[in-house]
Structures are given as C-alpha cells and as structure tokens.
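Residues per chain are reported as follows:
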Amino acid sequence: LWTPVVTGDLINVIARSVKLVDAMDESILEALKSPARKLFLLFFSNGLLTFAHTTLVTVLGERIGLRLHAQAMDTLLAQDLAFFDRTQSGELVARLAADIGEFQSTFKKLVTQGLKSATLSLGVAYQLFRLSPPLTLTLLATMPPAYFGLMFYGKFLRILRRQSKDWEAVSAGIAGEAVGNIRTVRSLSAEQAELALYREARNECSKASSLFGMHMGVFRGLTNTAIGGMVLVVLYNGGRLVAKGEMSPGDLMAFMIATQAAQR
C-alpha cells in the first residue's frame, strides 16, 4: 500500500531535478536517496513477507488436504454395497484424488488472493481519493461495469470447467472399470465396446475443454482490454490535471500504480 506513495515521492524529486538540471547539487542527490531507500526496503519486505505467506498457506492447505483425504476415504468405505454397484470405482477414485486436490488449490488461492484483494481494495480506495478525488470519480465511472461484467463471465467459466471435470471423471471411471474387470471384458470379447465407450467420453471431455479454452481466451482478452482502457482513462485525465497544475507528476505515477493494484 505504501509503494505507490513512495514511488510518487521519488518521481517528484526526479521531476524537480530535471527542471534544475543546470543547477544540479548535492541537495538533489540527497533528496533522491530518501525515497529510493524507502522503496528498496518496501520491495525487500514485500519479497520476504510473500515468501513467508506462501510457505505458511501451503503448509495450511496440505494439512487440511490430509484430513480431508482421510475423512473422504472413511466416508467412502462406510457406504453400503448398493452404492458401489451403481457408481463406478474409477470415478470414485478420481473424485477422491482430483476433487480434494482442486479444493486445496482453490483454498490456497482464496487465502492468498482473497485476503490480499480485500486489503488492497480498501487501502487503495483511500489512497486514490487522497491523491485525486476528481480522477478517482472518473475511474469509478468506468471500473465497476467492467468488473461486474467480467465477474458474471467468470461464473459462466466455472460452469464450463465443471462440465469438463465431470466428463473427465466419467472417462476415468470407464477406463478403471474396463481395466479392473479385464478378464470379464476379454471373455465377452467386449474390448471394442469398451473402447467405443471410452472414446465417446473422452470426445465429450475434449469438446467441453475446448469450449472452456475458447471462453477463457475471450475472458482474458476482455480483461486486458478493460485494464488497458482504464489505464488510458487515468493517463488522459491525469495528464490534463498535471498540465493544469492541479496534480504533480509523482502523484499521477502513484495514482497509476495504485490503480493497477486495484485492477488486480
């Protein structure tokens, strides 16, 4: 949260030194040292804390995953035989491995990105209004529509991803059943029938994954376009404020960096 502010201070010192290029003295160099030193400490602290955060979240996720694996297996073994008759064993094993792994990954992202996003959203909102209320209001007119549009698109992407995972589990179940009962398959000469079933399931899985990939491409393209548009809004309107003397170059740079944090 402090990085944009200190970066803005550094840019202001550089801007003053450009104006006084013919009268460069030790005072300007000393003025550069203070924000540069603060900026270095911020970057170093950020790297150190990121390392600690990622390590601790990984350990937390693995411990939760370990308990979930044991609980899921215990629940699975307690089911009656009718449950196993109507459910393919390969699908059960795939769910046991893939779903908990997916949960661990999502949980880590939630803790890592969720807490950071919530903190940055509040802190950056305060900084933006402090730096330039008019520019912040201009940004607020463009940012929420793009955000909510992409948020609803993201929900659609999750539906497509879930469909792909479902077909992947079905194909894994078919393969597991065929391999696990290979003697029965051979005795009935049903190799081609099993292959046809597996091929059909994998075909549906491929279609679902391809559709997801296409929409993911659209989503990322829209995201980059929206971010580029917001950067352009900030630069254009901020440039006008700097030209009028209502905003310093350093404040514009700090506003831009803070805006990028809010966009993430």
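Basis of the calculations
- What you see as residue numbers is a count from 1 along each chain, following the sequence as written.
- Totals for whole chains, interfaces and linings use every residue, but because this is a predicted model, local features are given only for residues with pLDDT of at least 70 and side-chain atom pairs only at 80 or more, for both listing and counting.
- Derived side-chain values reflect all non-hydrogen atoms in the structure, with water molecules and hydrogen atoms excluded from consideration.
- By definition, any uninterrupted DSSP run of H or I lasting at least four residues is a helix, any uninterrupted run of E lasting at least two residues is a strand, and each is numbered from the N terminus.
- Based on C-alpha atoms, the radius of gyration is set beside the globule rule, defined as 2.2 Å times the residue count to the power 0.38.
- Throughout, exposure labels follow a simple rule: accessible area from a 1.4 Å probe, protein chains only, divided by the maximum for the residue type, with under 20% read as buried, over 50% as exposed, and the rest as partly exposed.
- Working rule for contacts: check all heavy atoms of both residues, and any pair within 4.5 Å makes them a contact.
- Confidence of the predictor at the level of single residues is given by pLDDT, which spans 0 to 100.
- In this analysis, the expected span of each helix is defined as 1.5 Å times one less than the number of residues it contains.
- Patch members must show over 30% relative accessible area and no salt bridge, and they are joined within 9 Å when carrying like charges or within 5 Å when they are nonpolar side chains of Val, Leu, Ile, Met, Phe, Trp or Tyr.
- Each accessible area is a Shrake-Rupley result for a 1.4 Å probe, and residues are judged covered by the shown protein chains and nothing else.
- Here, a salt bridge means any Lys or Arg side-chain nitrogen found within 4 Å of an Asp or Glu carboxyl oxygen.
- As a rule, the C-alpha atoms of each element are fitted with a line to give its axis, helices using only the stretch in contact, and angles between N-to-C directions run from 0 to 180 degrees.
- Angular relationships are summarised with four words: roughly parallel below 35 degrees, roughly antiparallel beyond 145, roughly perpendicular across 65 to 115, and oblique for the angles in between.
- Each residue gets one of three labels, nonpolar for Ala, Val, Leu, Ile, Met, Phe, Trp, Tyr, Cys and Pro, charged for Asp, Glu, Lys and Arg, and polar for the others, Gly among them.
- We define the nonpolar core as a collection of buried residues of types Ala, Val, Leu, Ile, Met, Phe, Trp, Tyr and Cys that are connected through side-chain atoms lying within 4.5 Å of one another.
- Two axes define the bend at a residue: one fitted to the seven residues ending there, one fitted to the seven starting there, and the bend is the angle between them.
- To pair, rings of Phe, Tyr and Trp, with the six-membered ring standing in for Trp, must have centres within 6.5 Å; the planes then decide the type, stacked if under 30 degrees apart, edge-to-face if over 60, and tilted in the middle.

*Asks:* Explain the overall build of the chain to me, using residue names and the numbers behind them.
*Replies:* Counting its regular elements, the chain contains eight helices and zero strands. Listing every helix and strand of the chain by position from the N terminus yields α-α-α-α-α-α-α-α. Against the 2.2 N^0.38 benchmark of 18 Å for 264 residues, the chain shows a C-alpha radius of gyration of 28 Å, more extended than a compact globule. If one aligns the C-alpha atoms of the chain with their principal axes, the spans along those axes are about 95 × 35 × 30 Å. The buried share of the chain, reckoned over its 264 residues, is 27%. The contacts in the chain between residues at least 6 apart in sequence include a share of 79% that link residues at least 24 apart.

*Asks:* So what's going on with the confidence of the model for the chain? Residues and values would help.
*Replies:* Across the chain, pLDDT averages 83, with 95% of residues at or above 70. Averaged pLDDT values for the elements of the chain fall to 76 in helix α1 (residues 3–19) and rise to 88 in helix α7 (residues 191–243).

*Asks:* Quick rundown of α7? Include the residues and the values.
*Replies:* A turn of α-helix holds 3.6 residues, and therefore any two residues three or four places apart point the same way. Along its 53 residues, α7 runs 76 Å from first to last C-alpha, staying within 8% of the 78 Å computed at 1.5 Å per residue. Note on α7: the residue one or two positions beyond its end, G245, has a positive phi of about 80 degrees.

*Asks:* Mind laying out a nonpolar patch on the surface, listing which residues take part and the relevant values?
*Replies:* Residues F40, L41, F44, L48 and F51 make up a contiguous nonpolar surface patch of about 590 Å² in total accessible area. On the secondary structure map, F40 appears in helix α2 (residues 26–77). Residue classification places F40 among the exposed residues on the basis of a relative accessible area of 54%.

*Asks:* Could you give an account of the pattern of salt bridges, naming the residues involved and the relevant values?
*Replies:* By the definition in use, this model includes two salt bridges. Ionic pairing is found between E102 and K165, a salt bridge with its closest N-O pair at 3.8 Å. Here E102 is found in helix α4 (residues 89–131), whereas its partner K165 is found in helix α5 (residues 133–180), with 63 residues between them in sequence. You can call E102 partly exposed: its relative accessible area is 38%. Ionic pairing is found between R186 and E191, a salt bridge with its closest N-O pair at 3.5 Å. By relative accessible area, R186 is classed as exposed at 56%.

*Asks:* Would you mind going over the packing of α4 against α5 in detail, with residue names and values included?
*Replies:* In the contact formed by α4 and α5, the axes pass within 11 Å of each other and the chain directions differ by 175 degrees. One finds that α4 runs roughly antiparallel with respect to α5. Here S89, G90, E91, A94, R95, E102, L128, F129 and L131 of α4 come into contact with α5, specifically with P133, T136, L137, L139, L140, K165, D166, A169, A172, G173, G176 and E177. Counted by class, the contact of α4 with α5 contains 10 nonpolar, five polar and six charged residues.

*Asks:* Describe the environment of S17, and please don't skip the residues or the numbers.
*Replies:* Within the secondary structure layout, S17 lies in helix α1. Since its relative accessible area comes to 10%, S17 is described here as buried.

*Asks:* Would you mind going over the nonpolar core in detail, with residue names and values included?
*Replies:* Within the largest apolar cluster, 19 residues are counted, with the highest numbers of intra-cluster contacts made by V124, L128, L135, L139, V234, M247 and F255. Mapped by element, the contributors of at least two residues to this core are α4, α5, α7 and α8 (249–263). Counting residues per element, this core draws most heavily on α8, which supplies six residues.

*Asks:* Which residues make up α4, and what values go with them?
*Replies:* Taking 1.5 Å of rise per residue, 43 residues should cover 63 Å, and α4 covers 60 Å from first to last C-alpha, within 8% of that figure. Along its length, α4 shows its largest kink, about 25 degrees, at R95. Residues of α4 that are buried include every one of G90, L92, I100, Q104, F107, V111, L120, G123, V124, Q127, L128 and L131, and no others.

*Asks:* Any chance you could break down the packing of aromatic side chains for me, citing the residues and the numbers?
*Replies:* Tallied over the full model, the rule gives five aromatic pairs. Ring plane angle 40 degrees and centroid distance 6.2 Å describe the contact between Y153 and F156, whose orientation is recorded as tilted. On the criterion of helical spacing, the pair formed by Y153 and F156 is a turn pair, its members being three residues apart in helix α5. Seen in terms of ring centroids, Y153 and F219 are 6.1 Å apart; in terms of plane orientation they differ by 85 degrees. Their pairing is edge-to-face. Taken together, the residues span a long stretch of sequence, with Y153 in helix α5 and F219 in helix α7 at a distance of 66 residues. Counting every residue linked through ring pairs, the aromatic cluster contains Y153, F156 and F219.

*Asks:* Please give an account of unusual backbone geometry that cites residues and values.
*Replies:* The residue S189 is not glycine, and still its phi comes out positive at about 50 degrees. Here S189 shows up in the loop between α6 (182–187) and α7.

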